[in-house]
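Structural features, examined
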Amino acid sequence: RHVCNLVKDAKSAHIVEWGPLAGGKRKIREMWYQDGRWRVETPEAVTIADANRLWVYSPERKSVRVSTLDHPFMGGNGFKMTSMLTNQAPGSHVTIVEQDGYKVVRMENGIDHGHITVWVDKNTDYPVRGQMQSETPHGPKTNGEFTCEFNVPLPAQKFAAAFTPETKVIDSVGGERC
């Protein structure tokens, strides 16, 4: 599932996703967006994209694959909650309540008894944080969490496709370069 497309509703975004870990939680993904550029970091890879190019760096292989984009890097309608709700799968159920100054949106997918709860800033309609849960015989189980910041300045170097000199560059069009 894609996060967002040609983002029309935010100048920048910083989203951090956490997954469960025995005794705590671990970061599973961190994303930055600004001016049509993306950076996505996972434990396995760093992905950088602009309007035309995609770089996928593998720290384990010490290589970066470079390719040309012929479509937007991410798909969807935008970051605002109203936009995200238009992307919900058929059969999902959405409830919205106000709580502690937030609009709290609960989306149930109706397939695996899972749901996402998102706390939304009532003034901006941007998500602030969220939690993914599934129902188990012992009660709800948290499968992940995320936090979001929007329209904050991000450093330009966050989106630079700069790698160490020993990184092997693999150009998907032109072949391998060293």
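You'll find the structure just up there.
Residues numbered from 1 in each chain as written. Predicted model: local features only at pLDDT ≥ 70, side-chain atom pairs only at ≥ 80, totals over all residues. Heavy atoms only, no water.

This next bit is on the pattern of salt bridges. Under the defined criterion, the tally for this structure stands at 8 salt bridges. The salt bridge involving glutamate 145 is made with lysine 25; its shortest N-O contact spans 3.4 Å. Taken together, the residues span a long stretch of sequence, with glutamate 145 in strand S11 (residues 139-150) and lysine 25 in strand S2 (residues 24-34) at a distance of 120 residues. Among the residues examined, lysine 25 registers a relative accessible area of 45% and is labelled partly exposed. The partner of arginine 39 in a salt bridge is glutamate 41, with the nearest N and O atoms 2.7 Å apart. Under the relative-accessibility criterion, arginine 39 is labelled buried at 14%. (Salt bridge = Lys/Arg side-chain N within 4 Å of Asp/Glu carboxyl O. Helix = DSSP H or I, 4+ residues; strand = E, 2+ residues; numbered from the N terminus. Buried < 20%, exposed > 50% of the residue type's maximum accessible area, 1.4 Å probe, protein only.)

On to unusual backbone geometry, then. Of note in this structure, aspartate 100 is not a glycine but carries a positive phi near 50°. If you trace the backbone, aspartate 100 turns up in the loop between strand S7 (93-99) and strand S8 (102-108). Phi is positive for asparagine 151, which is not a glycine, with a value near 55°. The residue asparagine 151 is located in the loop between S11 and strand S12 (168-171) in this model. Judged by relative accessible area, which is 41%, asparagine 151 ranks as partly exposed.

These figures capture arrangement, not role.
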